[in-house]
Amino acid sequence: MSTIHITLNGERKEIPAGSTVAELLVIADAGRQPVAVVVNEHIVRPDQRDSCILQDQDQVEILVFAGGG
Amino acid sequence: MGSLRLGTYTFSSRLILGTGKFSSTSAMIEAVRASGTQLVTVALRRFNREQAEDDLFGPLSEIEGLTLMPNTSGAATAKEAVKAAHISRELSGSPFIKVEIHPNPHHLMPDPIETWEACKILAAEGFIVMPYIPADPVLAKRLEEVGCSSVMPLGSAIGSGQGLSTAEMVKIIIRESSVPVIIDAGLRSPSEACAAMEMGCEAVLVNSAVAVARDPAAMALAFAKAVEAGFEARNAGLMPRSGSAVATSPLTSFLGAAS
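Residues numbered from 1 in each chain as written. Chains lettered and ligands numbered in written order. Predicted model: local features only at pLDDT ≥ 70, side-chain atom pairs only at ≥ 80, totals over all residues. Heavy atoms only, no water.

Caption draft 1: Focus on the packing of helix H1 (residues 25–35) of chain B against helix H9 (residues 216–236) of chain B. Residues and elements named next belong to chain B. One can describe the packing of H1 onto H9 by two numbers: an axis separation of 8 Å at closest approach and a directional angle of 25°. In terms of axis orientation, H1 runs roughly parallel to H9. Here H1 runs over H9; the crossing is right-handed. Contact residues: Glu30, Ala31, Ala34 and Ser35 in H1; Pro216, Ala217, Ala220, Leu221 and Ala224 in H9. Grouping the amino acids of the contact of H1 with H9 by side-chain chemistry returns 7 nonpolar, 1 polar and 1 charged. (Axes fitted to C-alpha atoms, helices over the stretch in contact; angles between N-to-C directions. Helix = DSSP H or I, 4+ residues; strand = E, 2+ residues; numbered from the N terminus. Parallel < 35°, antiparallel > 145°, perpendicular 65-115°, else oblique. Left-handed = near helix turned anticlockwise from the far one by under 90°. Contact = heavy atoms within 4.5 Å. Nonpolar A, V, L, I, M, F, W, Y, C, P; charged D, E, K, R; others polar.)

See below:
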């Protein structure tokens, strides 16, 4: 199986080539709560995650809400 | 007590709570419930599977009538704040954004120039923009002019508990402002929140004072009561100050007259 390398939340990660954003959320165990996903500075909305295929060297951020004032 | 209007939203509670620094999510939720607040701040952070149970979105969304106001904490520039606002709106679905841009981690004072720039962009995009600002009447007016729905001057440095050290400047902002003025940051005690409301603030935003209290839920309730008392006192009309004593009982002496 061929793989690609992405940067996920600042850390280098190897994932199967052809993975979608939705599949990455499962791989990252981030599928159980609402998250925001940003790929190369672009927001990927929930309805786009099944069709958005990640590319080698993509910069991905998965974000949630934490406590803040 | 009358409603607080922010953009197209109205709130019966005039206490806004921050959700940071609590010992646990459950302690925070208890405080939010006890306070009766309808608007709480949250911050974006990177997802971490080890801390997945700390996600606040689920527990907060279960509280009826609660609106989220994400902040742009961590942004050092207008560009970063605008980016954080876009991501936050995507995640929260809320039009509220607390613009918070402080480049210096030691004093955490807001950058007025970057704040103004970010607010101008976000207000034009339709956000309900709530900027955290130094207590500067000129900046407050400029932010109102670019479409901010409120201005939120600091009472004193974030998390310092130094109270209303900016009171005289805040009074000028209140006098000049056509949008609600909300004290944000620095309050330590409910009496300070009450004083801010008596002074003419439309709401108060508190976080540390509640979060680090021995009993956060009880402190949250105390702040809610103080905010309400201050607002009602202001509407009732505070008596004028006098430089000398003014008797409340008759001073005519019947005791002397009887002898």
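Okay, back to it.
Caption draft 2: Structural view of the environment of Tyr132 of chain B. Residues and elements named next belong to chain B. Tracing the backbone shows Tyr132 in strand E7 (residues 128–133). Take Tyr132: its relative accessible area is 1%, and that puts it in the buried class. Taking the C-alpha atoms as reference points, Tyr132 and Asp111, separated by 21 residues in sequence, lie 9.5 Å from one another. Each residue touching Tyr132, except ones within four places of it in the same chain, is listed here: Lys98, Val99, Glu100, His102, Leu108, Pro110, Thr115, Met152, Leu154, Ile158, Asp184 and Ala185. (Buried < 20%, exposed > 50% of the residue type's maximum accessible area, 1.4 Å probe, protein only.)

Caption draft 3: Structural detail: the pattern of salt bridges. Applying the stated rule across the entire model yields 10 salt bridges over all chains. Salt-bridge contacts for Arg46 of chain B lead to Glu61 of chain A; the nearest nitrogen and oxygen are separated by 2.8 Å. Of this pair, Arg46 of chain B sits in strand E4 (residues 39–46) while Glu61 of chain A sits in strand E5 (residues 59–67), placing the two residues on different chains. Overall, the relative accessible area of 23% leaves Glu61 of chain A in the partly exposed class. For Glu202 of chain B, the salt bridge is made with Arg14 of chain B, and the minimal N-O distance between the two is 2.8 Å. (Salt bridge = Lys/Arg side-chain N within 4 Å of Asp/Glu carboxyl O.)

Caption draft 4: Expanded view of H1 of chain B. Among the residues of H1 of chain B, those classed as buried are Thr25, Ala27, Met28, Ile29, Ala31, Val32 and Ser35 of chain B. Of the surrounding elements, those touching the buried residues of H1 of chain B are strand E3 (15–18), E4, helix H2 (57–61), helix H8 (208–211) and H9 of chain B.

Caption draft 5: How the structure looks around the environment of Ile29 of chain B. Residue and element names in this part refer to chain B. Mapping Ile29 onto the fold places it in helix H1. With a relative accessible area of 12%, Ile29 lands in the buried category. Considered as a pair, Ile29 and Arg14 are 15 residues apart in the sequence and their alpha carbons are 18 Å apart. Excluding anything up to four places from it in sequence, Ile29 contacts Pro59, Leu60 and Ile63.

Caption draft 6: Just the packing of helix H7 (residues 190–199) of chain B against H9 of chain B, in detail. Residue and element names in this part refer to chain B. Where H7 meets H9, the closest approach of the two axes is 7 Å, and the angle between their N-to-C directions is 25°. The angle between the axes of H7 and H9 places the two elements in the roughly parallel class. When you trace H7 past H9, the crossing you get is right-handed. Contacts between H7 and H9 involve Pro190, Ala193, Cys194, Met197 and Glu198 from the first element and Met219, Ala222, Phe223, Ala226, Val227, Ala229, Gly230, Phe231, Ala233 and Arg234 from the second.

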